[in-house]
Amino acid sequence: MASYPIQPDHEPRRTAPPRTALMIVPTYNESGNIAALLEQLFALPTRKRTGWDLHVLVRDDRSPDGTGEIVEELAAGRYRGRLLLSRGTKQGLGKALELAFGEALELGYEVVMTMDADFSHAPLDVLPLLAAISDGADVAVGSRYTPGGLIPGDWPLSQIVRTRVAGSVARGVGGIDPGLRELTTNFRAMRRTVLASIDFGRVKARGYGFQIFLANAFSSGGWKVTEVPISFHTRAHGVSKASVKDVLEFIRIALQLNDDSPFKQLVRFLLVGASGTLVNLGSLWALRRILMPEDPVDDGIWLLSAAAIQISILWNFCWHTGFTFRRYRRTGGVLGARQILANLLKFEGASALTQTVIFSAFVVFSNLGVFYLFAQALGIAIAVTVNYWVSSHYIWDW
Ligand code: GDD
C-alpha cells in the first residue's frame, strides 16, 4: 500500500523529526475539500513564523466518496514524508481523534494539532496556534468567542444557538472551567505531555461529546491553556455529520465530567432542602408526641415549631457542608471549628432571610390577587433561589 500503514498495535517507534508538529485531520466524505486543504496547509510558513515544521495525519474512516484514495496518492507522491494516512472503520469523530492521538504519540510528535477538513477552520490560523505553543502554552485552543475571533456573517442563528447552548451545558452541567470561552472547537494545538496524561478510557465519547471531554481534561489538568482567536467559516463542500445521537451523547458526557458541576451542586442543594422539610415536619411531630402528649390545646406549640426549624437548619447545614458543597471542603483546605461556626451563623442568617423572602413575596403576590397557595409557592421558589445564591457565594464559596 502506498499510504503510511500506521496501526495502533504496531511496536512503539519514534519516527517524528524534532520540532515538528502533527496536524490531525479527521475525514469522512471530504473528497471535495481534502486536496485543497492539504495544499494550503503545506504552503504555510510554519518553520519561519513559529519555529515548527508541519506534518499532517489524515484519519479517514473508509469514506465511500474516495477521500482516503486521494490522500493515499498524495502521501505517496507530492507530500511524501510529510503526509500520513490512517484508516479505520467509522466510529464517530471522537473515536477517530482518540485513535489518531494514539498514533501521534506512538510516532513521537512533540506537538499535536487537530482541525476540520471542510475549511470551517482557516489554514492560516494554524500559525497563531503554533506560535502560542512556542510562547509557552501547553494547549492552544482555537476560539470563535475570544475577542478577535470571528463567526461567518451568514452563519444560521440555529448554529450560533447550538454552539452557545452546547457551551452553557458544558459549563453548567459538565462543570468545565467557566473561564474558557470555547469548549466545542476542533481546532487546537497540544504538547504531547498533555495528550499523554489524558485517560481516554475514563469517558467513552465516540462523537462530538469528545470535544468537551478534551476541554475538561485541559482545564482540570493544571495545564497552561491559551485561547487563540480564530475565524470560523461555513463548510466549503459536503455536509455536517452531527446527528441527534451526538446531542444525546454530548449531554451524557457533560453529566459524567465533574461531580461538582453547578448543575449537580444545585440538584444536591434541592435534595437536601427537600429532606430538611421532612426533618422539620417529622421533628415537630415527634417533639409534640414526646413533650405534649396530653395537652389538648397545644399551648406553647410555637416553641416546638421554632425548635423544629432549628433542627432542620442544623440538618441542612451538616448536609450542605459534607455533601452539597463538598468541593468547598476539598479546595478550601481544612475547615476548622471557627470556620464551621462562622458558616453556621451565616447559614442561620440566610435561613432567616429565606423566611423573610417567603413572607414578603406572599404579602406582595396575594395583594396582587394571586391565589394564596400560589403566592406562597412563588415565595418559596424565590427564597430557595436566594438561599442557594447566598450559600454558594457567601457561605460555601471557593
Ligand atoms: N474520521 C472521521 N470519522 N471523521 C469524521 C467523522 C467520523 O466518524 N465524523 C466527522 N468527521 C470529520 C469531518 O469529515 C470533518 O473533517 C470534521 O470531522 C468535522 O465534522 P463535521 O461533520 O463537519 O462537524 P460539524 O460542522 O457538524 O461540527 C463542527 O463544529 C462542532 C461544534 O463547534 C466540528 O468542528 C466539531 O468538532 C465541533 O465540535
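Residues numbered from 1 in each chain as written. Predicted model: local features only at pLDDT ≥ 70, side-chain atom pairs only at ≥ 80, totals over all residues. Heavy atoms only, no water.

Asker: Help me understand the overall build of the chain, please; the structure alone is not making it clear to me.
Answerer: If you tally the helices and strands in the chain, you get 14 helices and seven strands. Against the globule reference of 21 Å for 398 residues, the chain gives a C-alpha radius of gyration of 28 Å, more extended than a compact globule. Taking the principal axes of the C-alpha coordinates as reference, the chain spans close to 100 × 45 × 35 Å. Among the 398 residues that make up the chain, the fraction classed as buried is 45%. Within the chain, contacts between residues at least 6 apart in sequence are counted, and of these 80% link residues at least 24 apart. (Helix = DSSP H or I, 4+ residues; strand = E, 2+ residues; numbered from the N terminus. Rg over C-alpha atoms; globule rule 2.2 N^0.38 Å. Buried < 20%, exposed > 50% of the residue type's maximum accessible area, 1.4 Å probe, protein only. Contact = heavy atoms within 4.5 Å.)

Asker: Where do I start with the nonpolar core in this structure?
Answerer: Most often, soluble globular proteins keep nonpolar side chains buried together rather than apart. Membership of the largest hydrophobic core comes to 39 residues, with the highest contact counts inside it found for Ile24, Phe101 and Ile212. Looking at this core, the elements that each hand over two or more residues are β1 (20–27), α4 (93–107), β5 (139–143), α6 (157–172), α7 (192–197), α8 (210–220) and α9 (244–257). Broken down by element, the residue count for this core peaks at seven residues, all from α8. In contact with Ile212, not counting residues within four places along its chain, are Ala170, Ile176, Leu183, Thr184, Phe250, Ile253, Ala254 and Leu257. In terms of nonpolar packing, the next biggest core, distinct from the first, is built from 35 residues, Ala21, Leu74, Leu83 and Val126 among them. (Core = buried A, V, L, I, M, F, W, Y, C linked by side-chain atoms within 4.5 Å.)

Asker: Would you mind showing me how to read α6 here?
Answerer: End to end, α6 covers 22 Å across 16 residues, agreeing with the expected 22 Å (1.5 Å per residue, within 8%). Of all the positions in α6, only Thr163, Ala166, Gly167 and Ala170 are classed as buried. Viewed along the axis of α6, the buried residues span an arc of 100°, placing them on a single side of the element. Away from its buried face by more than 90 degrees, α6 exposes Leu157 and Ser158. Looking at the packing, one finds that the buried side of α6 touches α8 and α9. (Expected span 1.5 Å × (residues − 1). Arc of directions from axis to C-beta.)

Asker: I would appreciate a short explanation of unusual backbone geometry in the present structure.
Answerer: Trans peptide bonds make up most of the peptide bonds, and negative phi angles are found at most residues other than glycine. At Asn29, a position not held by glycine, the phi torsion is positive, near 55°. Relative to the assigned elements, Asn29 resides in the loop between β1 and α1 (34–42). Even without being glycine, Arg62 reaches a positive phi, approximately 45°. Mapped onto the fold, Arg62 is located in the loop between β2 (53–60) and α3 (67–76). For Arg62, a relative accessible area of 52% gives the class exposed.

Asker: Quick question: what am I supposed to make of the pairing of strand β6 (residues 188–191) here?
Answerer: The side chains of a regular strand alternate between both faces of the sheet. The sheet contact formed by strand β4 (residues 111–114) and β6 spans four bridges and is antiparallel. Along β6, the bridge assignment pairs Thr114 with Arg188. The pairing of β5 with β6 spans three bridges and is antiparallel. What sits directly across from Val141, in β6, is Arg188. (Pairing = 2+ DSSP bridges.)

Asker: Mind showing me how you'd approach the sheet that holds β6 here?
Answerer: To summarise the sheet geometry, strands pair through backbone hydrogen bonds and adopt either a parallel or an antiparallel arrangement. The strand order across the open sheet built from seven strands is β3-β2-β1-β4-β6-β5-β7, with neighbouring strands paired in mixed fashion. Only two strands of the sheet have a single neighbouring strand rather than two, namely β3 (83–87) and β7 (225–229). Strand after strand, the sheet turns through a mean of 20° between neighbouring axes, direction not considered. Bridge count between β1 and β4: four bridges; the pairing is parallel. Within β4, the residue paired with Ile24 across the bridge is Thr114. (Axes fitted to C-alpha atoms, helices over the stretch in contact; angles between N-to-C directions.)

Asker: What's the story with the packing of helix α10 (residues 262–291) against helix α14 (residues 372–395) in this structure? I'm lost.
Answerer: For any two helices packed against each other, the geometry is given by the interaxial angle and the distance between the axes. Two elements in contact, α10 and α14, have axes whose closest approach is 11 Å; the angle formed by their N-to-C orientations is 120°. Judged by the angle between their axes, α10 and α14 are oblique. The two elements α10 and α14 meet at a crossing, and its hand is right-handed. Here Pro262, Gln265, Leu266, Phe269 and Leu270 of α10 come into contact with α14, specifically with Val384, Asn387, Tyr388, Ser391 and Ser392. Taken together, the residues that form the contact of α10 with α14 break down as six nonpolar, four polar and no charged. (Parallel < 35°, antiparallel > 145°, perpendicular 65-115°, else oblique. Left-handed = near helix turned anticlockwise from the far one by under 90°. Nonpolar A, V, L, I, M, F, W, Y, C, P; charged D, E, K, R; others polar.)

Asker: Got a minute to help me understand empty space enclosed by the protein in this structure?
Answerer: Empty space among the atoms becomes visible once a probe the size of a water molecule is rolled across them. One pass over the structure, following the stated rule, counts one cavity of 30 Å³ or more. Size it by volume and the largest cavity reaches roughly 70 Å³. Lining the largest cavity are Val141, Leu180, Glu182, Leu183, Thr185, Arg188, Gln211, Leu214, Ala215, Phe218 and Val225. (1 Å grid on protein atoms, 1.4 Å probe; cavity = no way out; pocket = protein on both sides within 12 Å on 5 of 7 lines; lining within 4 Å. Points joined across faces, edges and corners; volume = space filled by probe spheres on them.)

Asker: Even after reading the chapter, I still don't get a nonpolar patch on the surface, so can you show me in this structure?
Answerer: On the surface, Val247, Ile251, Leu255, Phe263, Val267 and Leu271 cluster together into a nonpolar patch covering about 490 Å² of accessible area. Listed by contribution, the elements that provide at least two residues to the nonpolar patch are α9 and α10. Examined against the element boundaries, Val247 turns out to sit in helix α9. Exposure remark for Val247: the relative accessible area of 48% places this residue in the partly exposed category. (Patch = residues over 30% accessible without salt bridge, like charges linked within 9 Å, V, L, I, M, F, W, Y side chains within 5 Å. Areas by Shrake-Rupley, 256 points an atom, 1.4 Å probe, with all protein chains shown as cover. Salt bridge = Lys/Arg side-chain N within 4 Å of Asp/Glu carboxyl O.)

Shape is all these values report; function is a separate question.
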